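Structure at a glance
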Amino acid sequence: MREIQLPLSQTQKVRLQKALEQLESLSSKVNSDASVTIADSIPVNLEDGVLKGHGTADLDGEVVATVCGVVERVNKLVYVRALRSRYKPEVGDIVIGRVVEVAQKRWRLEINYSQDAVLMLSSMNMPDGVQRRRTAVDELNMRCIFEEKDVVCAEVRGFQNDGLHLQARSQKYGKLNRGQLLTVPPYLVKRQKQHFHHLEQYGIDLIIGCNGFIWVGEHVEAKDDMVEDLVNQSDPQVLSPNKNSVSLEEQEKNYTTLETRKYICRAANAVRVLSILGFNITLDIIKGIIDLSLSLNLDLHEMLGSEFCVLVAEREAERRRSNKKKR
C-alpha cells in the first residue's frame, strides 16, 4: 500500500486506512496476474522463443521481474512497465513543457523526459496563420513567439536523430497564459481520447499532459488568426496601431476576475490532493473534489488539510462501491 505523507491524527489514520483497503478490494481483479514485484515469476512459454525485455531476467530457467510494475506483451516480447518512472513518450501524446532554450530554428522544452524535447520553427503555426516557408525574419522573431520560461502545450511528433520532436500545428496548441502549472508523477495520468477540458461552470480550462504536467487556467476561446489577419488588412487603422497605447477594453480582456482565480486555485488544489493520495487524475474526480469543497464551504488552503484528504479518499471509495453495484 502506498505510503502517504500526511500529518494525520490516530482517528484520521484509521479512517484513511479503511478507505484505502476498500479501494484495494474494489480494484479490478482482471489484470491481477499482470502486476508483479521484484523476483516474481512471469508465466511464459519458453518454447515460443520469448524475447525478454526491460524489467525481466532469466533465473533458473524462469523469467522473473526485476522491477515492480505491470507485465506488457508485444508479440513475443515480454517486459515490465515500471509504475514509478520518468515519462516515456509515445507518438500523439499531449504534453506540456517549459521552454529552456531558444536555439537556431528550434526551441528546447523540458517535458519531464530524460532529455529536452525539440520544437522546430517549421512545426508550428505562425502568428499570422499563413502556411508559408519560414524566413530569416521569422527566425529572428522567434522570441516574440516563445521565450525562456514560457509554458507551451504541444504534441509528440516522433523520434529523430537529434532527439524527441514536438509539433504545434493546431489552434489548441501553443503558449499557455493566466494559470497554474502543476507537476504530478506521470503514472497517475492515463492516456485518454481527450486531454483538453473546458469546465464551463467554473470558466476554466484543464489540460492533463501525458508527461505529468497539468495546466489549470482561465478559459481561452480558440481564435482563427487567418481571419483576424484578413480583417486587420482590410482596415488601415487596425493595421498599424500604436503599441504603447492600450485601451481599457484590452486591459479588461487581459484581466482575470477574482472568482475565476479562486476556481483555478480550487482545481489546482484538487489535483494536488489526488497526487498526495496517489489516485489517477481524471476530469470526473477533479470536478467531484471541487464540488465537495464548495459544498463544505472550505477555504482554498483548507483543501490541502489532512481532514479533507481523508474525506476525499472516503468519497472515492464510496463512489467506486456504488459504481460496482450498478454493474
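1. Focus on the packing of aromatic side chains
Considering all chains together, one arrives at four aromatic pairs under this definition. Seen in terms of ring centroids, W107 and F146 are 5.2 Å apart; in terms of plane orientation they differ by 65°. Their pairing is edge-to-face. Placement of the pair is W107 in strand β8 (residues 106-110) and F146 in the loop between α3 (142-145) and β10 (151-160), with a sequence separation of 39 residues. Its relative accessible area of 0% is what places W107 among the buried residues. For the ring pair Y173 and F196, a centre distance of 6.1 Å and an interplane angle of 50° mean the geometry is tilted. Residue Y173 is found in the loop between β11 (163-168) and β12 (174-175), and its partner F196 is found in strand β14 (residues 196-199); the two are separated by 23 residues along the sequence.

2. A look at the sheet that holds strand β16 (residues 213-218)
Pairing is antiparallel in the open sheet, where four strands are placed in the order β13-β16-β15-β14. Each of the sheet's edge strands pairs with one partner strand only, and the pair in question is β13 (179-183) and β14. Across the sheet, the mean angle separating the axes of adjacent strands is 15° when strand polarity is ignored. Two elements, strand β15 (residues 204-208) and β16, share five bridges in a ladder whose sense is antiparallel. From the neighbouring strand, I208 faces β16, where its bridge partner is I214. Of the strands in this sheet, β14 and β15 touch helix α8 (residues 283-295), which is tilted by about 25° from β14.

3. Brief notes about the pattern of salt bridges
Counted according to the given criterion, the structure contains twelve salt bridges. The partner of R191 in a salt bridge is D93, and the shortest N-O contact between them spans 2.9 Å. Of this pair, R191 sits in the loop between β13 and β14 while D93 sits in the loop between β6 (77-82) and β7 (94-103), and the two are 98 residues apart along the sequence. For R191, a relative accessible area of 44% puts it in the partly exposed group. For D93, a relative accessible area of 5% translates into the label buried. Connected via shared salt-bridge partners are R15, E307 and E314.

4. Overview of the packing of helix α1 (residues 10-26) against helix α9 (residues 306-326)
Running from N to C, α1 and α9 point in directions that differ by 30°, and their axes come no closer than 9 Å. Taken together, α1 and α9 sit at an angle that is classed as roughly parallel. In this structure, α1 crosses over α9, and the sense of that crossing is left-handed. Contacts from Q12, R15, L16, A19, Q22, L23, S25 and L26 in α1 reach S306, E307, V310, A313, E314, E316, A317, R320, R321 and K324 in α9. Per-class residue counts for the contact of α1 with α9 are seven nonpolar, four polar and seven charged.

5. Quick word on the sheet that holds strand β1 (residues 35-36)
Taken together, four strands build an open sheet; the order of strands is β1-β5-β6-β2 and the sheet is mixed. Both outer strands of the open sheet, β1 and β2 (51-52), are each paired with one neighbouring strand and no more. Bridge count between β1 and strand β5 (residues 69-74): two bridges; the pairing is antiparallel. Across the sheet, residue S35 finds its bridge partner in β5, namely V70.

6. Comments concerning the confidence of the model for the chain
In this model, the chain carries an average pLDDT of 83, and 86% of its residues clear a pLDDT of 70 or more. Confidence drops under pLDDT 50 across residues 224-246; counting only partners more than four residues distant or on other chains, this segment forms 13 contacts.

7. Some remarks on the environment of K172
Inspection of the secondary structure puts K172 in the loop between β11 and β12. Taking the C-alpha atoms as reference, K172 lies 8.7 Å from A154; in sequence the two are 18 residues apart.

8. Considerations on the nonpolar core
Counting residues in each nonpolar core, the largest one holds 43 residues, and the members touching the most others are I214 and I281. When residues of this core are assigned to their parent elements, the largest contribution, nine residues, is made by helix α7 (residues 258-277). Non-local contacts of I214, meaning those with residues more than four positions away in its chain, are made with I96, Q180, L181, L182, V184, L206, I207, I208, V271 and I281.

9. A short note on the pairing of strand β9 (residues 117-124)
Most of β9 is tucked away, with seven of its eight residues classed as buried. Pairing of β8 with β9 involves four bridges; the strand directions are antiparallel. Looking across to β9, one finds that L109 is bridged to A117. Counting the residues that bridge the hairpin from β8 to β9 gives six residues, and of these N112 lies at a positive phi of roughly 65°. Pairing of β9 with β11, which is carried by three bridges, proceeds in the parallel orientation. Bridging across to β11, V118 finds its partner in H165.

10. What about the side chain of S293?
Structurally, S293 is set in helix α8. Judged by relative accessible area, S293 falls into the buried class, the value being 0%. The residues touching S293, leaving out its near neighbours within four places in the chain, are R266, L298, M303 and F308.

Thresholds, definitions, all that
- Residues numbered from 1 in each chain as written.
- Predicted model: local features only at pLDDT ≥ 70, side-chain atom pairs only at ≥ 80, totals over all residues.
- Heavy atoms only, no water.
- Phe/Tyr/Trp six-rings, centres within 6.5 Å; stacked < 30°, edge-to-face > 60°.
- Helix = DSSP H or I, 4+ residues; strand = E, 2+ residues; numbered from the N terminus.
- Buried < 20%, exposed > 50% of the residue type's maximum accessible area, 1.4 Å probe, protein only.
- Pairing = 2+ DSSP bridges.
- Axes fitted to C-alpha atoms, helices over the stretch in contact; angles between N-to-C directions.
- Contact = heavy atoms within 4.5 Å.
- Salt bridge = Lys/Arg side-chain N within 4 Å of Asp/Glu carboxyl O.
- Parallel < 35°, antiparallel > 145°, perpendicular 65-115°, else oblique.
- Left-handed = near helix turned anticlockwise from the far one by under 90°.
- Nonpolar A, V, L, I, M, F, W, Y, C, P; charged D, E, K, R; others polar.
- pLDDT = per-residue confidence, 0-100.
- Core = buried A, V, L, I, M, F, W, Y, C linked by side-chain atoms within 4.5 Å.

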